[in-house]
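Descriptive analysis of the structure
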Amino acid sequence: MVDSFDTTIAAAERAGVRFDDASPPTSCRIRQNDEFELNFIDWGDKTRSKPTLIFIHGFLQQARTWDFTCLALRSRFRCISLDLRGHGDSGRPVEPDYSTHYYLSDLRRLIDHLSQDIGIESFGLCGLSLGGHLSYIYASEHPNTVDAIVVVDVAPEANREARKGISRYISALPKDGPFEALIDKVAKMSPMRSREAVRGSLLRATRFNPDGSWEWKNDPRLLERHRASFTPEEYWAALEQVSVPSLFVLGQNSKLVAPETVRRMVETVQGSSATYVPKASHRVPGDNPIGFIKAVAPFLDRYVLNSDVGRRNDVNLAPS
């Protein structure tokens, strides 16, 4: 089972997230190679009758970024969230190369496991930021296994000043000191979240040592070893090959993706649509969990829950 799940339930209830099942999900391990294992969280489906959703977090985030979303959707879907290498509870390569194509190999490894060991043959993909890139790249290569994709606050090209702002945010995060001081700092930097929401998020993103000190779960080498494997032109080329139902979700307060870029994405992927979530910046599912769930649930119900109803032959893919 996952750690600190009681705090997730309490925080979800305070946030107004509606859910039917409060049982903790299961933390699972699969070997990626001889060096390390990948962790993923399986929110369960004992009947094996529910369609599957795979969630992929952004850079320096983790599988538990999606706790509120999975809580709300688990009654209709088998929700599975992945920790990419070096993130959350996944292992760390001895010689870390945190490039996009290696993260893509982590997603492929998870999907191979789900197919070969569990029998899951099709699924929806939902990715935030880096996870959004991985979602549409994978969908462009494997249209017959992906039911639909949700891409959250990311595009083949991004506003440079907004990217610098995200970098400044990351650089300002404390690396040590009292845990309450960490909460105070992050709460001040995240004005759209309550202090209790910040506390719950940080409890999931850190671990405590025997001496009472805390540390980030993520590999501290991530920042210096992170590399983009694809150019904007290559990202656009991948989007052009996407043929599955696609929803682009943006934070209304985020400046990362320009409106003209959103329009180009919708024009590039036939039948796709875009929506903005109010009171949310780049980290949309955490900034406004209720708004995010309302934005994606009808789309996922239509194209993943009912994925066997002629999804490829539907001319109008936008959610009604």
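A word on the pairing of strand β4 (residues 78–83)
- In terms of burial, β4 is a largely internal element, six of the six residues being buried.
- A two-sided burial pattern is seen for β4, the buried positions comprising Arg78, Ile80 and Leu82 on one face and Cys79, Ser81 and Asp83 on the other.
- By the bridge criterion, five bridges tie strand β3 (residues 52–56) to β4 in an arrangement that is parallel. Bridge assignment links Thr52 to a residue of β4, and that residue is Arg78.

Some remarks on the nonpolar core
- Judged by nonpolar contacts, the single largest core of 47 residues is most densely connected at Ile54, Leu125, Tyr136 and Ile149.
- Counting residues per element, this core draws most heavily on helix α3 (residues 100–118), which supplies seven residues.
- Excluding residues that lie within four positions of it along the chain, Ile54 makes contacts with Ile80, Leu107, Leu110, Ile111, Leu114, Phe123, Gly124, Leu125 and Cys126.
- Counting 38 residues, the second-largest nonpolar core is a separate cluster that includes Val150, Leu247, Phe292 and Val296.

So, the packing of aromatic side chains
- For the structure shown, the criterion picks out eleven aromatic pairs.
- With centroids separated by 6.3 Å and ring planes inclined at 10°, the aromatic side chains of Tyr98 and Tyr103 adopt a geometry described as stacked. With respect to class, Tyr98 is no different from Tyr103; both count as buried.
- Centre to centre, the rings of Phe123 and Tyr138 are 6.2 Å apart; their planes meet at 45°, and the pair counts as tilted. A residue pair is termed long-range when its members are at least 10 positions apart, and Phe123 in strand β6 (residues 123–128) and Tyr138 in helix α4 (residues 130–141) qualify at 15 residues. The exposure classification of Phe123 matches that of Tyr138, with both residues buried.

Structural notes on the packing of α4 against helix α9 (residues 232–240)
- At a minimum axis separation of 8 Å, α4 and α9 run at an interaxial angle of 50°. Classified by the interaxial angle, the pair formed by α4 and α9 is oblique. Between α4 and α9 the crossing geometry is left-handed. For the pair α4 and α9, contact is made by His133, Tyr136, Ile137 and Ser140 and by Tyr235, Ala238 and Leu239, respectively.
- Residue composition of the contact of α4 with α9, grouped by class: five nonpolar, two polar and no charged.

Observations concerning unusual backbone geometry
- Of note in the backbone geometry, Ser129 takes a positive phi value of approximately 55° without being a glycine.
- Counting through the fold element by element, Ser129 comes out in the loop between β6 and α4.
- Since its relative accessible area comes to 15%, Ser129 is described here as buried.
- The backbone of Asp153 shows a phi angle near 50°, a positive value even though the residue is not glycine.
- Among the structural elements, Asp153 can be located in the loop between β7 (146–152) and α5 (160–172).

About the criteria used
- Residues numbered from 1 in each chain as written.
- Predicted model: local features only at pLDDT ≥ 70, side-chain atom pairs only at ≥ 80, totals over all residues.
- Heavy atoms only, no water.
- Buried < 20%, exposed > 50% of the residue type's maximum accessible area, 1.4 Å probe, protein only.
- Helix = DSSP H or I, 4+ residues; strand = E, 2+ residues; numbered from the N terminus.
- Pairing = 2+ DSSP bridges.
- Core = buried A, V, L, I, M, F, W, Y, C linked by side-chain atoms within 4.5 Å.
- Contact = heavy atoms within 4.5 Å.
- Phe/Tyr/Trp six-rings, centres within 6.5 Å; stacked < 30°, edge-to-face > 60°.
- Axes fitted to C-alpha atoms, helices over the stretch in contact; angles between N-to-C directions.
- Parallel < 35°, antiparallel > 145°, perpendicular 65-115°, else oblique.
- Left-handed = near helix turned anticlockwise from the far one by under 90°.
- Nonpolar A, V, L, I, M, F, W, Y, C, P; charged D, E, K, R; others polar.

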